[in-house]
Amino acid sequence: MKKSYKEFVRYDAAAKVLVCLDEWIIVNIPVLEKELALIPKPRGEITVNGAAISKMDSAGAWLLSKWLKSGSDSNFSFKLKDFSEQHLKLLALIEEEKAAQTPVPIPKRPGMVQRIGKFTMDQLEEFNDFLSFTGMLTMETLRLIRHPGSFRFAAVVNIIDTTGFRALPIIALLSFMIGVVISFQMGNQLKSYGANLFIVDLLGLSVLREFGPLLTAIMVAGRTGSAFTAQLGTMKINEEIDALNTMGVTPAELLLIPRLLGLFIALPLLSMWADIFGVLGGMVMAHNMLGVMPSDFIARFAHVIPLKTLLIGLGKAPIFAMLIGSIGCFEGMRVGGSADSVGTQTTRSVVLAIFFIIVADAMFSVLLSKMNL
Amino acid sequence: MTTPDNTDNIIVVKDVRTNLGGVWVHDGMNLTVIRGEILAIVGGSGSGKTTLLREILMLQKCNSGSIKVFGEELTTATHLQLLEVQKQWGVLFQQSALFSSLTVLENVAFPLHEHTHLDDNTINDLALLKILLAGLPASAATKYPAELSGGMQKRAALARAMVMDPELLFLDEPTSGLDPESAGAFDELIANLQATMGLTIVMVTHDIDSLWHVCNRVAFLGEGKVLCVDTVEKLSQNENPLIKKFFQGPRGRIAKRMNE
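Note that the structure is a prediction, hence the values are computed from the model and not measured.

Caption draft 1: Geometry of the sheet that holds strand 5 (residues 72-73) of chain B. All names here are of chain B. Taken in spatial order, the four strands make up an open sheet running 2-1-4-5, and their pairing is antiparallel. Each edge of the open sheet is held by one strand with a lone partner, namely strand 2 (23-34) and strand 5. Helix 1 (residues 49-56) rests against strand 1 (9-20), strand 2 and strand 4 (64-69) of the sheet, and its axis sits at about 120 degrees to strand 1.

Here it is, written out as structure tokens:
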């Protein structure tokens with residue numbers, strides 16, 4: 001046999017001597033395995049000579065002991081010769097552990113029905129948890145009303161600052177562009193009828209009633225809801241929440257209620273801000289594309305858009321705020337155990353918040369049309 | 001890659017100076033770790049023990065000075081040179097730092113998957129062997145770190161640190177957060193593994209019992225320097241006021257009495 005690689009074992013079949021050479025270490029294991037496989041299965045009594053081993057780690061010892069085990073037939077035995085004391089100790093240790101080694105238990109994969117059942121139960125359980133979370137928040141709020149002393153004014157202001165004030169530029173930019181897009185798309189249609197001035201009606205209604213509050217809420221769900229979940233989740237993992245509980249400060253009064261209240265105040269204000277910039281964007285586009293002068297635009301706006309439209313739009317914002325805030329906080333408090341869980345719950349928080357915002361918006365549309373508003 | 005003239009000095013830290021937030025945490029630190037020993041780094045809080053460990057591990061840069069591991073100058077090493085060194089050391093972090101999204105077996109097998117070309121069966125067998133060597137039952141292998149107790153997490157992290165059969169093992173407060181019995185068992189485990197596998201171990205510790213039981217030499221850090229490196233018996237007789245305070249406190253005295 002030609003050897004293009006290093007020689008680690010030399011087997012003398014006649015004398016029944018296996019000579020081990022060189023470095024029996026983890027990086028050489030693939031080559032070692034190949035060389036050992038080439039040796040015919042040992043029978044009878046063989047001698048293993050380890051004098052020439054320059055280095056042996058536990059992976060090497062493991063391989064040697066595995067090979068020696070593989071040859072065990074009825075009259076097989078082996079003798080270790082000239083191994084250094086440390087290598088012998090290592091072999092003995094590996095031998096001992098291997099005796100205790102049981103195959104890795106393979107977790108049973110549940111069947112289809114079982115998985116559907118588990119998923120269903122998990123969803124129901126989460127819904128149940130959400131209900132008790134809401135109940136807990138309500139009780140805590142009532143307690144705070146009776147004992148206003150432990151109300152955190154500074155925390156609320158801080159939340160309004162981070163979720164509201166700091167979101168002003170991005171919300172303004174976003175709504176301005178939405179206004180431009182709506183104006184552009186509708187303007188094309190209106191122009192062909194020569195009904196340019198009606199852009200004011202369309203833009204005013206759609207931005208004030210739907211797009212302003214809805215897009216703001218979606219933006220805030222991505223920006224703030226995720227932040228709530230990640231912050232609370234990390235605090236939970238660091239046991240900060242537990243620490244608060246032991247100090248007689250409930251997480252609700254210090255962390256949850258200020259967040260909910262802060263968002264409750266900030267989101268309607270942000271929606272108003274979005275309305276202004278949405279209409280402004282539409283107005284700019286109407287001037288450029290349809291030739292509607294800003295003065296005409298404003299005059300007609302006041303005439304055709306009733307105050308009701310603005311109020312209905314803004315009226316949705318507190319509901320959206322409660323959805324984003326409670327889902328964000330709830331998912332954050334459900335984080336448990338690991339960093340992985342923070343990621344899962346944050347994703348869940350944003351997806352659920354946006355989902356329920358759109359569901360709530362659809363319900364508003366149906367309800368309000370039934371009420372002829 | 002090891003140059004012959006310093007085969008016995010695995011780590012050589014020379015004249016290291018570190019400034020953290022305007023304070024000179026290290027002001028001319030010198031330390032040598034000899035092959036095959038268990039060296040403990042001790043010192044009061046804020047004496048720069050963890051910073052020193054992090055600098056040796058290249059997680060943090062020092063302002064000046066030289067740090068050589070296996071004869072390789074780490075402060076100027078390239079990515080590839082560093083990787084060669086990194087394959088030869090294992091680290092046990094204070095908080096275990098197990099990957100929470102992987103099971104214990106996957107955690108332990110991770111370095112093998114990254115750095116060797118073994119097939120999956122061999123990797124799993126080797127990883128399981130290390131899990132057993134670290135004193136965990138085989139049933140722990142399929143659990144996630146969050147499902148284990150603190151002591152078991154430490155053992156799992158030790159299994160991961162040892163899986164590549166490193167020559168050098170760093171332990172950051174290995175017995176912190178363990179009850180005295182588990183801490184004692186963990187010390188014994190470390191001493192056993194060191195004896196059978198011929199490891200070199202550097203540990204940062206606050207546990208005076210560990211110092212007496214497992215360490216060959218102890219380096220005492222204070223005033224930004226290594227004040228003294230010696231056996232724990234000699235160190236406990238040292239006249240330096242900082243060292244005296246450390247060993248002559250009530251806990252130090254009890255630990256000493258137990259070992260006499």
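Caption draft 2: Spotlight on the sheet that holds strand 6 (residues 89-92) of chain B. Residue and element names in this part refer to chain B. With respect to topology, six strands assemble into an open sheet ordered 6-7-8-3-9-10, the strand pairing being mixed. The open sheet has two free edges, formed respectively by strand 6 and strand 10 (225-230), since each of these has just one partner strand. Averaged over all pairs of adjacent strands, the angle between their axes in this sheet comes to 15 degrees, without regard to strand direction. Judged from the five bridges that link them, strand 9 (residues 217-222) and strand 10 form a sheet pairing that is antiparallel. Bridging across to strand 10, Val218 finds its partner in Asp230. Against the sheet, helix 5 (residues 150-162) makes contact with strand 6 and strand 7 (168-172), and its axis sits at roughly 170 degrees relative to strand 6, the strand it touches most. Of the strands in this sheet, strand 3 (38-43), strand 9 and strand 10 touch helix 9 (residues 241-248), which is tilted by about 55 degrees from strand 10.

Caption draft 3: Spotlight on the interface of chain B and chain A. Chain B puts 23 residues into the contact, and the matching count from chain A is 25 residues. Sorting the residues of the side of chain B that touches chain A by element identifies helix 4 (120-133) and helix 6 (180-197) of chain B as the ones contributing at least two each. By residue number, the principal contributor to the side of chain B that touches chain A is helix 4 of chain B, which donates seven residues. In the side of chain B that touches chain A, the residues fall into twelve nonpolar, ten polar and one charged.

Caption draft 4: Structural view of the environment of Ala154 of chain A. Residue and element names in this part refer to chain A. Tracing the backbone through its elements, the reader meets Ala154 in helix 5 (residues 153-164). Taking the number of C-beta atoms within 10 Å as the measure of exposure, Ala154 has 8 and is therefore exposed. A C-alpha to C-alpha distance of 20 Å links Ala154 and Met235, two positions 81 residues apart in sequence.

Caption draft 5: Representation of the domain arrangement of chain B within the structure. Residues and elements named next belong to chain B. According to the domain assignment, chain B consists of domain 1 (4-88 + 167-258) and domain 2 (99-165). For domain 1 and domain 2, the distance between their C-alpha centres works out to 25 Å. The interface of domain 1 with domain 2 comprises ten residues on the first partner and nine residues on the second. The residue makeup of the side of domain 1 that touches domain 2, split by class, is seven nonpolar, two polar and one charged.

Caption draft 6: Spotlight on the domain arrangement of chain A. In terms of domain boundaries, chain A breaks down into domain 1 (9-100) and domain 2 (129-370). Between domain 1 of chain A and domain 2 of chain A, the C-alpha centre-to-centre distance is 69 Å.

Caption draft 7: Highlighting the packing of helix 6 (residues 168-193) of chain A against helix 7 (residues 199-237) of chain A. Residues and elements named next belong to chain A. Contact pair helix 6 / helix 7: the axes reach a minimum separation of 10 Å and the direction vectors enclose 145 degrees. At the point where helix 6 passes helix 7, the crossing takes the right-handed sense. Of the residues in helix 7, those touching helix 6 at Ile171, Leu174, Ser175, Ile178, Gly179, Ile182, Ser183, Met186, Gly187 and Leu190 are Ile199, Leu202, Leu203, Ser206, Val207, Phe211, Gly212, Leu215, Thr216 and Met219. Here the residues of the contact of helix 6 with helix 7 sort into 13 nonpolar, seven polar and no charged.

Caption draft 8: Up close: the packing of helix 6 of chain A against helix 9 (residues 251-290) of chain A. Residue and element names in this part refer to chain A. In the contact formed by helix 6 and helix 9, the axes pass within 6 Å of each other and the chain directions differ by 40 degrees. Taken as axis vectors, helix 6 and helix 9 run oblique relative to one another. Viewed along their axes, helix 6 and helix 9 form a crossing whose handedness is right-handed. Along the lines of polarity and charge, the residues of the contact of helix 6 with helix 9 split into 20 nonpolar, seven polar and one charged.

Caption draft 9: View of the pairing of strand 1 of chain B. Residue and element names in this part refer to chain B. Two strands pair when backbone bridges link them, and strand 1 and strand 2 are joined in this way by nine bridges, in the antiparallel orientation. Following the sheet pairing, Arg17 is matched in strand 2 by Asp27. Taken together, strand 1 and the strand that follows it, strand 2, pair antiparallel across an intervening segment of two residues, in which Gly21 is found at a positive phi of about 55 degrees. By the bridge criterion, five bridges tie strand 1 to strand 4 in an arrangement that is antiparallel. Bridging from a neighbouring strand, Ile11 pairs with Val69 of strand 4.

Cut-offs applied
- Residues numbered from 1 in each chain as written.
- Chains lettered and ligands numbered in written order.
- Predicted model: local features only at pLDDT ≥ 70, side-chain atom pairs only at ≥ 80, totals over all residues.
- Pairing = 2+ DSSP bridges.
- Helix = DSSP H or I, 4+ residues; strand = E, 2+ residues; numbered from the N terminus.
- Contact = placed C-beta atoms within 7 Å.
- Axes fitted to C-alpha atoms, helices over the stretch in contact; angles between N-to-C directions.
- Nonpolar A, V, L, I, M, F, W, Y, C, P; charged D, E, K, R; others polar.
- Buried ≥ 20, exposed ≤ 12 C-beta atoms within 10 Å, placed from the backbone.
- Domains from an automatic or database assignment.
- Left-handed = near helix turned anticlockwise from the far one by under 90°.
- Parallel < 35°, antiparallel > 145°, perpendicular 65-115°, else oblique.

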